[in-house]
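Here's the letter readout for the chains.
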Amino acid sequence: MPAYKRILLKLSGEALMGDDAYGINRATIVRMVREVQEVTALGVEVAVVIGGGNIFRGVAGGSVGMDRATADYMGMLATVMNALALADTMRLEGLTARVMSAIAIEQVVESYVRPKALQYLEEGKIVIFAAGTGNPFFTTDTAAALRGAEIGAEIVLKATKVDGVYTADPKKDPSATRYASVSFDEAIAKNLQVLDATAFALCRDQKLPIKVFSIFKPGALRRVVMGEDEGTLVHV
């Protein structure tokens, strides 16, 4: 029996690169979609917020000295490209996904409308939220916290390269240990980098728990959804 009925999965754009320098690695995106498929087969409603670092990194050099808002809008467009790739891969794997963008690009994807997003989730469709919050100066982490709260998700799942939050950087410190769970207050006191400050504050205020886990660990998403000891739970 799944521990959650509705989840918000936050995927970084970098996660789609696999071992490539930038762009989308086909095998990696297919594997991620199959992880999501396992969860939807359990009857869990899934919404996704996707980042754009894998695409924007390739043009970041050209954005040096650029107006921050302009660079952020470029990043938002990169997330739309990722969302389209993710939705199409889901289609090929037999899943139904809808991309909803926070900035209006009607010919390409539909605009984000909360009641419509809730309807899609109730129908068993996967909803992919693109273009962050639609505002510059806010990260896709913040978009994940915001959309998670708006759709009534029971938890925000932050998919990373590391299988949880550690006492220190496990790559640099072999004695670092993983927290199974930690409170919001503890995470602040210990300066644990869970989400960016705005996203973290929003989740804390809305009493929306966060689970940090590795999307590169086979079956980890399913174990998280089943409530098993996987990753790190950040709670009130």
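Data block above holds the structure.
Basis of the calculations
The residue count restarts for each chain, going from 1 along the sequence in the order it is written. Reporting in this predicted model follows two pLDDT cut-offs: at least 70 for local features of residues, and 80 or more for side-chain atom pairs to be given and counted; totals over whole chains, interfaces and linings ignore these cut-offs and use all residues. Just so you know, side-chain values use all the structure's heavy atoms and leave hydrogens and water out. Whenever a helix is involved, its axis is fitted only over the stretch in contact; in every case the axis is a line through C-alpha atoms, and angles between N-to-C directions fall within 0 to 180 degrees. Helix and strand definitions follow DSSP, with helices as H or I runs of at least four residues and strands as E runs of at least two, each counted in order from the N terminus. Here is the rule for angles: anything less than 35 degrees is roughly parallel, anything more than 145 is roughly antiparallel, 65 through 115 is roughly perpendicular, and the remaining ranges are oblique. Definitions for this section: a left-handed crossing has its near helix turned counterclockwise from the far helix by less than a right angle. A right-handed crossing has that turn clockwise. Every residue pair with non-hydrogen atoms within 4.5 Å of one another is taken to be in contact. Residue exposure (1.4 Å probe, protein chains only): buried if accessible area is under 20% of the type maximum, exposed if over 50%, otherwise partly exposed. Working definition: a ring pair exists when centres of Phe, Tyr or Trp rings (six-membered ring for Trp) sit within 6.5 Å. Plane angles under 30 degrees give stacked, over 60 give edge-to-face, the rest tilted. Charge-over-ring placement is defined geometrically: NZ (Lys) or CZ (Arg) within 6 Å of the ring centre, and within 35 degrees of the ring normal.

**Student:** Just to check I follow, could you spell out the packing of helix α5 (residues 140-150) against helix α7 (residues 197-205) for this structure?
**Tutor:** Any two packed helices are characterised by how steeply their axes cross, that is the angle between the axes, and by the distance between the axes. Orientation of α5 relative to α7, taken along the N-to-C sense of each, is 15°, at an axis distance of 7 Å. Of the possible angle classes, the one that applies to α5 and α7 is roughly parallel. Crossing of α5 over α7 shows left-handed handedness. Between α5, through D141, T142, A145 and L146, and α7, the contact on the second element is made entirely by T198, A199, L202 and C203.

**Student:** What exactly am I supposed to notice about unusual backbone geometry here?
**Tutor:** In most cases, non-glycine residues show a negative phi, while peptide bonds are predominantly trans. Even without glycine at this site, A131 takes up a positive phi of about 70°. Checked against the element boundaries, A131 lands in the loop between β5 (126-130) and α5. The residue N191 is not glycine, and still its phi comes out positive at about 55°. For N191, the location among the structural elements is in the loop between α6 (184-189) and α7. Overall, N191 belongs to the exposed group, its relative accessible area being 56%.

**Student:** Sorry, what's going on with the packing of aromatic side chains here?
**Tutor:** Here the distance between the centres and the angle between the planes together describe a pair of aromatic rings. This structure, assessed with the given rule, holds two aromatic pairs. Judged by centre distance (5.4 Å) and plane angle (85°), the rings of Y112 and F129 are edge-to-face. With Y112 in the loop between β4 (110-111) and α4 (114-122) and F129 in strand β5, this residue pair connects regions lying 17 residues apart in the sequence. Note on Y112: relative accessible area 16%, which makes it buried. Look at F184 and F200: their rings are 5.1 Å apart centre to centre, the planes differ by 65°, and that puts the pair in the edge-to-face class. Of this pair, F184 sits in helix α6 while F200 sits in helix α7, and the two are 16 residues apart along the sequence. In this structure, F184 and F200 share a single accessibility class: buried. Sitting over the ring of Y112, R147 keeps its end group 3.8 Å from the ring centre. Here R147 stacks its cationic end above the ring of F129, 5.8 Å away from the centre of that ring.

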